[in-house]
Amino acid sequence: MIYPVDVKPQGPVEVFMAHTDVVFADETELPLSVQNGRIYCPGVGDDTACLVCILLAAKYIASIIGTGLWKELRGENAPGILLVCNSGEEGLGNLKGVRAVCEAFKGRITGFCTFDSCLEKMVDRAVGSLRYRITVRTEGGHSFGDFGRDNAIQKLSALVCELYGIQVPTEGRTTYNVGLISGGTSVNTIAQEAWMLYEFRSDRRENLAYMEEQLKGILNRAREQGLKVSCEEIGRRPCEGEVDEVKKEVWLRRGIRAVKDVLGTEPERGMGSTDCNIPLSLGIPSICLGSFRGAGAHTREEYVEIDSLGAGYRVAFGMIFGEAAYL
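Nothing here was measured: the structure is a model prediction, and the numbers come from that model.

A few words now on a nonpolar patch on the surface. Together, Leu32, Val34 and Ile306 make up a nonpolar patch on the protein surface, roughly 290 Å² of accessible area in all. Summarising the element assignment, Ile306 is placed in the loop between strand 17 (303–305) and helix 8 (309–321).

Printed below as a string of structure tokens:
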């Protein structure tokens, strides 16, 4: 969903976004309960609480658009606003929502903010990642009658061990993970097929390239030894590109002020993998802010503190309206 406000043809825009998807499968029940000042529900913080900020901002803007108050808030020459509720941020979504927005408004976005974090935090650096589905296939057979044939699960396990033996670069921060494995038919069958989902992440482009070469080397050596192994890229999140330092600083100061004016302290700045990856890779000043206090993100025990939500709304409004929020 995109709500364009005062967007002129080919004119500049500022984008404010929150994602609608969660890490849990669509068919998984997401029970909600309210206890001791907390709202418990998978996805309630990441990213529902932040999503509400976008919706409230849209409701408020819709009530004043075209009035003298709106003109007073935005002025005559302010960029247009895009309020976006997107999908594809979580899991294997590969940031498809924000990619589409950046493509549709290519060359027009002057600043980007996604709300996807806790109140005290700000993400202003992008952690890139590459994700793969790696599949091993063997002849397989009966566990007793064909004992000795190659087992796809065993061969896949050997690849996992090799991947976990990679020495990561010392500069920056680089990580890797095998997050899911599957394969085989039954307990008495030599597995014919097994696969894993593998990713690596880094805050530096050159480190991602290094990890990619390490992966290719391991797989090529396995193929040379006769192993049937395929590798499908299923996700690519870029690192930060060249962002104008002056424009970046202006956008950062706006975000810091939005938080400090509500909490009294500046947010803790850090790196992360968010919808900001795409605009940052395109040279667009971008930050990720939060709108709640809570814990348990990406678990079924996730919760938000109810009394923190009001502060979150104020931070979001402060960021969206910029200097005008303080008039």
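Looking now at the state of the cysteines. Think of a disulfide as a covalent bridge from one cysteine sulfur atom to another cysteine sulfur atom. Taken as a whole, this structure holds zero disulfides when the rule is applied. For the unlinked cysteine Cys118, the closest cysteine sulfur is that of Cys50, found at 8.2 Å. No disulfide involves Cys161; its sulfur sits 18 Å from the nearest other cysteine sulfur, which is in Cys231.

Before going further, it helps to examine the sheet that holds strand 13 (residues 228–237). Where strands meet in a sheet, backbone hydrogen bonds hold them as pairs that are either parallel or antiparallel. Across the sheet, four strands lie side by side as 10-12-8-13; this open sheet has antiparallel pairing. Strands at the two margins of the open sheet, each flanked by one partner only, are strand 10 (174–183) and strand 13. For this sheet the average axis-to-axis angle between neighbouring strands, irrespective of direction, equals 20°. Here strand 8 (residues 128–137) runs beside strand 12 (residues 193–202); their pairing, made up of 10 bridges, is antiparallel. Looking at the pairing, Arg131 lines up with Glu199 of strand 12.

In terms of residue burial, strand 8 counts as a mostly covered element, since eight of its 10 residues are buried. Where strand 8 and strand 13 come together, nine bridges link them in antiparallel fashion. When the sheet's bridge partners are listed, Arg133 is paired in strand 13 with Glu232.

Let's shift gears to the sheet that holds strand 17. Across the sheet, which stays open at both edges, the four strands sit in the order 3-4-17-16 with antiparallel pairing between neighbours. Each edge of the open sheet carries a strand with a single partner, namely strand 3 (33–35) and strand 16 (294–295). Bridge analysis of strand 4 (residues 38–40) against strand 17 gives three bridges, and the strand direction is antiparallel. Within strand 17, the position partnered with Arg38 by the bridge is Glu305.

Right, let's talk about the environment of Ile234 for a bit. Tracing the backbone shows Ile234 in strand 13. Note: C-alpha distance between Ile234 and Glu29 (205 residues apart in sequence) is 26 Å. In contact with Ile234, other than residues within four places in its own chain, are Leu92, Arg131, Tyr132, Arg133 and Leu197.

Moving on, we get to helix 3 (residues 96–104). Counting along an α-helix, one turn takes 3.6 residues, and residues three or four places apart therefore face a common direction. The set of residues buried in helix 3 consists of Gly97, Val98, Val101 and Cys102. Here the buried residues of helix 3 occupy an arc of 125° about the axis, which is enough to place them on one side. Residues of helix 3 that are exposed and point over 90 degrees away from its buried face: Lys96, Glu103 and Ala104. Those residues of helix 3 hidden inside the fold are in contact with strand 1 (2–5), strand 2 (13–19), strand 5 (80–86), strand 6 (109–115) and helix 7 (277–281).

Next up on the list: the packing of helix 4 (residues 152–163) against helix 5 (residues 205–224). Where helix 4 contacts helix 5, the axes come no closer than 10 Å and their chain directions differ by 145°. Regarding helix 4 and helix 5, the two cross each other, and that crossing is right-handed. Taking contact as the criterion, the partners of Leu159, Glu162 and Leu163 in helix 4 are, on helix 5, Leu215, Ile218, Leu219, Arg221 and Ala222. Among the residues making up the contact of helix 4 with helix 5, the classes are represented as six nonpolar, no polar and two charged.

Bringing the packing of aromatic side chains into the picture now. Two aromatic rings, taken as a pair, are described by how far apart their centres are and by the angle between their planes. Within this structure, the stated rule accounts for nine aromatic pairs. Ring centres of Phe317 and Phe321 lie 5.8 Å apart, and the angle between their planes is 55°; this geometry places the pair in the tilted category. Residue Phe317 and its partner Phe321 are both found in helix 8; the two are separated by four residues, about one turn of the helix. Ring-pair connections join several aromatic residues into one group, and the members of that group are Tyr60, Trp70, Phe317 and Phe321. Taking NZ or CZ as reference, Arg133 lies 4.5 Å from the ring centre of Trp195, over its face. Sitting over the ring of Phe24, Arg300 keeps its end group 5.7 Å from the ring centre.

The rules behind these values
Residue positions are given per chain, counted from 1 along the sequence in the order it is written. The model is predicted, so local features are restricted to residues of pLDDT at least 70 and side-chain atom pairs to those at 80 or more, both for listing and for counting; the totals for chains, interfaces and linings are taken over all residues. The side-chain figures draw on all heavy atoms in the structure; neither hydrogens nor water molecules are used. Only residues whose relative accessible area exceeds 30% and that form no salt bridge are eligible for patches; like-charged ones are grouped when within 9 Å, while nonpolar side chains (Val, Leu, Ile, Met, Phe, Trp, Tyr) are grouped when within 5 Å. In short, Shrake-Rupley with a 1.4 Å probe defines the accessible areas, and a residue's cover is counted only from the protein chains shown. Definition used for salt bridges: Asp or Glu carboxyl oxygen within 4 Å of a side-chain nitrogen of Lys or Arg. Numbering of helices and strands runs from the N terminus, with a helix taken as a DSSP run of H or I at least four residues long and a strand as a DSSP run of E at least two residues long. Note on disulfides: each one is a pair of cysteine sulfur atoms within 2.5 Å. Pairing between strands is defined by DSSP: at least two bridges between them are needed. Throughout, an axis means a line fitted to C-alpha atoms (over the contacting stretch in the case of helices), and angles, computed between N-to-C directions, take values from 0 to 180 degrees. Throughout this description, buried means an accessible area under 20% of the type-specific maximum (1.4 Å probe, protein chains only), exposed means over 50%, and partly exposed covers the range between. Contact criterion: two residues are considered in contact whenever any of their non-hydrogen atoms come within 4.5 Å of each other. Directions drawn from the helix axis to the C-beta atoms are what define this arc. Crossings are sorted by hand: turned counterclockwise from the far helix by less than a right angle, the near helix makes the crossing left-handed, and turned clockwise it makes it right-handed. In this classification, Asp, Glu, Lys and Arg are treated as charged, Ala, Val, Leu, Ile, Met, Phe, Trp, Tyr, Cys and Pro as nonpolar, and every other residue, Gly included, as polar. Stacked, tilted and edge-to-face are the three classes assigned to paired rings of Phe, Tyr and Trp, where Trp is represented by its six-membered ring and a pair needs centres within 6.5 Å; plane angles under 30 degrees give stacked, over 60 edge-to-face, the rest tilted. The rule for a charge over a ring is simple: NZ of Lys or CZ of Arg within 6 Å of the ring centre, and within 35 degrees of the ring normal.

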